[in-house]
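# An overview of the molecular structure
What follows is the residue order along each chain.
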Amino acid sequence: MNEDRLTALALGLLRGPGSNARTILGLTGPPGAGKSTLARHLVAEVERTEGPGSAAYVPMDGFHLSAVQLDRLGLTHRKGAPATFDTHGYVALLRRIAADRFQDIYVPDFDRTLDEPVAARHVVRPQARLVITEGNYLASTDAPWPDARRLLRELWYVETDDALREERLLRRHRDGGRDEPTARRWVTGNDHPNGEHVKAGRPLCTRTVPGTGLPGAPNRGSVL
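Let me begin by describing the structure that accompanies this report. Values in this document were obtained by computation on a predicted structure and should not be read as measured data.

### Quick notes on the overall build of the chain
- On a plain count of helices and strands, the chain comes out with seven helices and seven strands.
- When the elements of the chain are put in sequence order from the N terminus, they spell out α-β-α-β-α-α-β-β-β-α-β-α-α-β.
- The C-alpha atoms of the chain give a radius of gyration of 17 Å, which matches the 17 Å a tight globule of 224 residues would have.
- Seen through its principal axes, the chain has C-alpha atoms that stretch 50 × 35 × 30 Å.
- A total of 224 residues make up the chain; the buried ones form 50% of that total.
- Excluding contacts between residues fewer than 6 apart, the proportion of contacts in the chain whose partners are at least 24 apart in sequence is 75%.
- Total accessible area on the chain stands at roughly 10,200 Å², and carbon and sulfur atoms take up 51% of it.
- The averaged location of the 28 negative side-chain charges in the chain is 4 Å from the averaged location of its 31 positive side-chain charges.

### Description of the side chain of Arg22
- Looking at the secondary structure, you find Arg22 in the loop between helix H1 (3-12) and strand S1 (23-28).
- Buried charge Arg22 goes without a salt bridge, the closest partner of opposite sign being Asp100 at 6.3 Å.
- A distance of 3.0 Å separates the side chain of Arg22 from the backbone oxygen of Arg125, its partner in a polar contact.
- Polar contacts involving the side chain of Arg22 include one to the main-chain carbonyl oxygen of Ala128, which spans 2.9 Å.

### Remarks on the packing of aromatic side chains
- Tallied over the full model, the rule gives four aromatic pairs.
- Aromatic pair Phe63 and Tyr90: ring centres 5.7 Å apart, planes at 70°, arrangement edge-to-face. Note that Phe63 is positioned in the loop between strand S2 (55-59) and helix H3 (67-73) and Tyr90 in helix H4 (residues 87-99), a separation of 27 residues in sequence. Each member of the pair, Phe63 together with Tyr90, is buried.
- With 6.0 Å between their ring centres and 50° between their planes, Tyr137 and Trp145 make a pair best called tilted.
- Between the NZ or CZ atom of Arg178 and the centre of the ring of Trp186, over which it lies, the distance is 4.3 Å.

### Here's the deal with the nonpolar core
- Of all hydrophobic cores here, the largest spans 26 residues; its most connected members are Tyr90, Ile97 and Val124.
- Elements supplying a minimum of two residues to this core: S2, H4, strand S3 (105-111), helix H5 (145-149) and strand S6 (154-159).
- Examining the composition of this core, we find that five residues originate from one element, H4, more than from any other.
- Ignoring any residue separated from it by four or fewer positions in sequence, one finds Ile97 in contact with Arg22, Ile24, Val58, Ile105, Val124 and Val131.

### Remarks on unusual backbone geometry
- For the peptide bond that leads from Ala143 to Pro144, omega is 5°, which places it in the cis range.
- With respect to the element layout, Pro144 can be found in the loop between strand S5 (130-134) and H5.
- For Asp115, which is not a glycine, the phi torsion comes out positive at approximately 60°.
- By the secondary structure assignment, Asp115 is in the loop between S3 and strand S4 (116-124).
- At Ala120, a position not held by glycine, the phi torsion is positive, near 55°.
- Tracing the backbone through its elements, the reader meets Ala120 in strand S4.
- Its relative accessible area of 44% is what places Ala120 among the partly exposed residues.

### Examining the environment of Arg15
- Secondary-structure assignment places Arg15 in the loop between H1 and S1.
- Note: C-alpha distance between Arg15 and Asp191 (176 residues apart in sequence) is 38 Å.
- Leaving out residues up to four positions away in the same chain, Arg15 has contacts with Glu50 and Arg129.
- A distance of 2.9 Å separates polar atoms of two side chains, one belonging to Arg15 and the other to Glu50.

Rules used in this analysis
Residues numbered from 1 in each chain as written. Predicted model: local features only at pLDDT ≥ 70, side-chain atom pairs only at ≥ 80, totals over all residues. Heavy atoms only, no water. Helix = DSSP H or I, 4+ residues; strand = E, 2+ residues; numbered from the N terminus. Rg over C-alpha atoms; globule rule 2.2 N^0.38 Å. Buried < 20%, exposed > 50% of the residue type's maximum accessible area, 1.4 Å probe, protein only. Contact = heavy atoms within 4.5 Å. Areas by Shrake-Rupley, 256 points an atom, 1.4 Å probe, with all protein chains shown as cover. Lys, Arg positive; Asp, Glu negative; His and termini not counted. Charge placed at Lys NZ, Arg CZ, Asp CG, Glu CD. Salt bridge = Lys/Arg side-chain N within 4 Å of Asp/Glu carboxyl O. Polar contact = N/O pair within 3.5 Å; in protein donor to acceptor, adjacent residues only side chain to side chain. Phe/Tyr/Trp six-rings, centres within 6.5 Å; stacked < 30°, edge-to-face > 60°. Lys NZ or Arg CZ within 6 Å of the ring centre and 35° of its normal. Core = buried A, V, L, I, M, F, W, Y, C linked by side-chain atoms within 4.5 Å.

Spelled out as structure tokens, the structure:
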């Protein structure tokens, strides 16, 4: 399945009955699968076809708990695990995106340079008909993730070979300032168990799509 086919599938969500409503497409998959690259690619291609502001990007990363909160909860060593996100806040944002078509809706992100979430990096404009959100746990059956799932028209599972994902994750951690041994320990002790948790949700997804063969995206600072 090439990138043109994926774009066609995304554009297809804007056709037919209910096409005037705002549609939210979810992308999930384990760490390093290529979710953010695919999401950004689809947003750019939809905007190229449908016009500026017709699509918007909503990363789950922006709802990562700050370092202060992770320290308070004793979860710094598990950064990226389900408990290290403001999941209810993320679901509340999706509900607003689904219901509010008249206001700019500002969306947070995660900044690797700061190693912290940052407010209002992205925006969903009133004219946005397709909103693409991505994150590890959108197919999780643990509350409140099913509430998020119910707001999505479709949920795609982004699949990438484990060896390639590990290579990507090691590079990501090295770029973030970790030395090689520390990066490998983080991949083995944190990214791997998080990824195995994510894989369990694959049967709940609408379709499986590849996380390779897409144009490269600049490092946006994802911790996932």
